[in-house]
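Coordinates in review
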Amino acid sequence: MNYYSLNKLAPNTSFKEAVIKGLAPDRGLYFPESMTPLDKTIFENIDDLSYTEIAFLAIKQFVAPEIPETVLKTIIEETLSFDFPVVPLNENISTLELFHGPTMAFKDVGARFMARCLGYFNKDNNNLVTVLVATSGDTGGAVANGFLGVKGVNVVILYPSGKVSDIQEKQLTTLGQNIKALEVQGTFDDCQDMVKRAFLDEQLTGQMQLTSANSINVARWLPQLFYFLFAYKQLHYKHKNIVFSVPSGNFGNVCAGMIAQQLGLPVSHFIASNNENKVVTEFLNTQLYQPKPSIQTISNAMDVGNPSNFIRIQEIYNNSFETLKDNLSSYSFSDAETKSAIKEIYTKFNYVADPHGAVGYLGCKAYLKQHPDAHCVFLETAHPTKFLDVVEEVIKEKQPLPDQIQEVMGKEKVSFKISTYEELKAFLLNK
């Protein structure tokens, strides 16, 4: 499979080069040249397939021939070493739990898959690769855990000071080894802008190999399509009109779901559930795409004012606004509405949701008002104990800490504070 830049000003390249480079030379995101739908019998017989088999069939066209099938199967088995249960709340709403991995966030799958791909590509290479990543919350921890100890790879994570939860911060600042955390005085957008600027800096790129582990990287983004296939396997026997409500920040997750749809997944519609960072919600209402400075909310992983992956979504639907509207709805919700949803989910269903999942739940409710025959699945993208201050305040119940969280709580935070791009550049060059 070859990949082309969505800016259309760079040569097409292989999966390997797309992973290592992260961004194309013209600063565009890479996109697969083609997508071949899966054989319909795969969906007809999906109950007979394991998660590993489903994932292999779905992803192999995107990584061939750079990764041999035997190696790819091992990578997938190591990536999917935890469960992805669907939990029904009522007849019309279920939640897909994506927090059973090592950092208890949906990004564990993409980070683990990418780390193993990059490790394979680097196994006979003495050149050091620096993974540079901005995080609004869960990406940092997942990337840190996924790349910990990977040969020939250093990881530098930028996160906004005071704008991630205590547990999220611990997960990305306590691992040591080849992981370094930079605490930025600013917002996630400031972190993301610094990362993008670094990739444009020829003085930097002339001295070191930079790549990204944000969802702009194809190896981080594409494996997220697995979730939607796994949910379908669990639901198709009972529900025919399945809709996914995806808490959306940088829009990589919902975009991956749309790739699954292109592969033949029988899914009716997608909902991009936003917090008060609602650029896409407003675009679908006005056809005007206007990025804005991000607003800090309690669902912090979605605090993105200029979602990188939305250009991929537009490419999937050939930049047709009407086709996009046929496949995507979007709603925006305030922090107050999110807290009310956390309380409602707990009171009605005895289920504890994190703030991002609660936004997804609200998206389901909004969509079902107009489409009562749908079965709406919201993605619970992080374990609620990663947001203890919000969740415990709302439900008035103390929550036990899972083992994955307890492991990091007692560790010492190590971060380097920066305020400007020049400080980031100096840090990278001095490393």
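Conventions adopted
- Throughout, a residue's number is its position along its own chain's written sequence, starting from 1.
- Owing to the predicted nature of the model, reporting of local features is limited to residues with pLDDT of at least 70; listing and counting of side-chain atom pairs is limited to 80 or more, with chain, interface and lining totals taken over all residues.
- The side-chain numbers reported here are obtained from all heavy atoms of the structure, hydrogens and water having been left aside.
- UniProt positions are given in the numbering used here, feature names are shortened, and annotations may be inferred rather than shown by experiment.
- Between any two strands, at least two bridges found by DSSP are needed for them to pair.
- Strands are runs of DSSP state E lasting at least 2 residues, helices are runs of H or I lasting at least 4, and numbering of each runs from the N terminus.
- A pair of Phe, Tyr and Trp rings is counted when the ring centres sit within 6.5 Å of each other, with Trp represented by its six-membered ring. The angle between the planes then sorts it: under 30 degrees is stacked, over 60 is edge-to-face, the rest tilted.
- Buried, partly exposed and exposed residues are distinguished by accessible area as a fraction of the type maximum, computed with a 1.4 Å probe on protein chains only: under 20%, between the cut-offs, and over 50%, respectively.
- Crossover handedness is defined here as right-handed if the route from the first strand over the helix to the second strand goes clockwise, with the strands pointing away from the viewer.
- In this analysis an axis means a line fitted to C-alpha atoms, helices contributing only their contacting stretch, and an angle means the value between N-to-C directions, from 0 to 180 degrees.
- Every angle not falling under 35 degrees, over 145, or within 65 to 115 is termed oblique; those three ranges are roughly parallel, roughly antiparallel and roughly perpendicular.
- Pairs of residues are marked as contacts when any of their non-hydrogen atoms sit within 4.5 Å.
- Gly falls in the polar group here, along with every residue not listed as nonpolar (Ala, Val, Leu, Ile, Met, Phe, Trp, Tyr, Cys, Pro) or charged (Asp, Glu, Lys, Arg).
- Only buried residues count toward a nonpolar core, which is a set of Ala, Val, Leu, Ile, Met, Phe, Trp, Tyr and Cys residues joined through side-chain atoms within 4.5 Å.

By the naming in an unreviewed UniProt entry, the protein goes by Threonine synthase and is assigned to Gaetbulibacter aquiaggeris. Taken from UniProt, the Cofactor (unreviewed entry) comment for the protein reads in full: "pyridoxal 5'-phosphate".

Re the sheet that holds strand 1 (residues 2–5)
In spatial order, the strands read 2-1-3; together these three strands make up an open sheet with antiparallel pairing. The outermost strands of the open sheet, each flanked by one partner alone, are strand 2 (13–14) and strand 3 (30–32). One ladder, built from three bridges, connects strand 1 with strand 3; its direction is antiparallel. Considered in strand 3, the bridge of Ser5 is made with Tyr30.

Examining the packing of aromatic side chains
To describe a pair of aromatic rings, one takes the distance between the centres and the angle between the planes. Here the structure, examined in full by the defined rule, presents 26 aromatic pairs. With a centroid separation of 5.5 Å and 80° between ring planes, the pair formed by Phe283 and Phe310 is classed as edge-to-face. Within this pair, whereas Phe283 is found in helix 13 (residues 279–286), its partner Phe310 is found in helix 14 (residues 310–316), the two being separated by 27 residues in sequence. Taken as a pair, Phe283 and Phe310 share a single burial class, namely buried. Each ring, one from Phe283 and one from Phe321, has its centre 5.4 Å from the other, and the planes form 85°; the classification is edge-to-face. Note that Phe283 is positioned in helix 13 and Phe321 in helix 15 (residues 321–327), a separation of 38 residues in sequence.

Section: the pairing of strand 6 (residues 129–134)
Strand 6 sits mainly inside the fold: six of its six residues count as buried. The alternating pattern of strand 6 places Val129, Val131 and Val133 on one face and Thr130, Leu132 and Ala134 on the opposite face, and all of these are buried. Regarding topology, helix 6 (residues 138–147) serves as the crossover connection from strand 6 to the parallel strand 7 (residues 153–160), and that connection is right-handed. Pairing geometry for strand 6 and strand 9 (residues 209–212), over four bridges, is parallel.

With respect to the packing of helix 16 (residues 335–349) against helix 17 (residues 355–370)
Angle between the axes and distance between the axes are the two parameters that describe a pair of packed helices. Running from N to C, helix 16 and helix 17 point in directions that differ by 85°, and their axes come no closer than 8 Å. Accordingly, the angle class assigned to the pair helix 16 and helix 17 is roughly perpendicular. Counting all contacts with helix 16, which are made through Glu337, Thr338, Ala341, Ile342, Glu344, Ile345 and Phe349, the residues of helix 17 involved are Pro355, Ala358, Val359, Tyr361, Leu362 and Lys365. When grouped by side-chain class, the residues that make up the contact of helix 16 with helix 17 number nine nonpolar, one polar and three charged.

Overview of the nonpolar core
Counting residues in each nonpolar core, the largest one holds 125 residues, and the members touching the most others are Phe15, Phe84, Phe147, Leu158, Leu225, Phe244 and Leu328. Looking at which element gives the most residues to this core, the answer is helix 11 (residues 225–235), with nine residues. Ignoring any residue separated from it by four or fewer positions in sequence, one finds Phe147 in contact with Ala111, Met114, Ala115, Leu118, Val131, Val153, Val155, Asn178, Ile179 and Ala213. By size, the runner-up hydrophobic cluster in this structure holds 34 residues, among which are Cys364, Ala366, Cys376 and Ile395.

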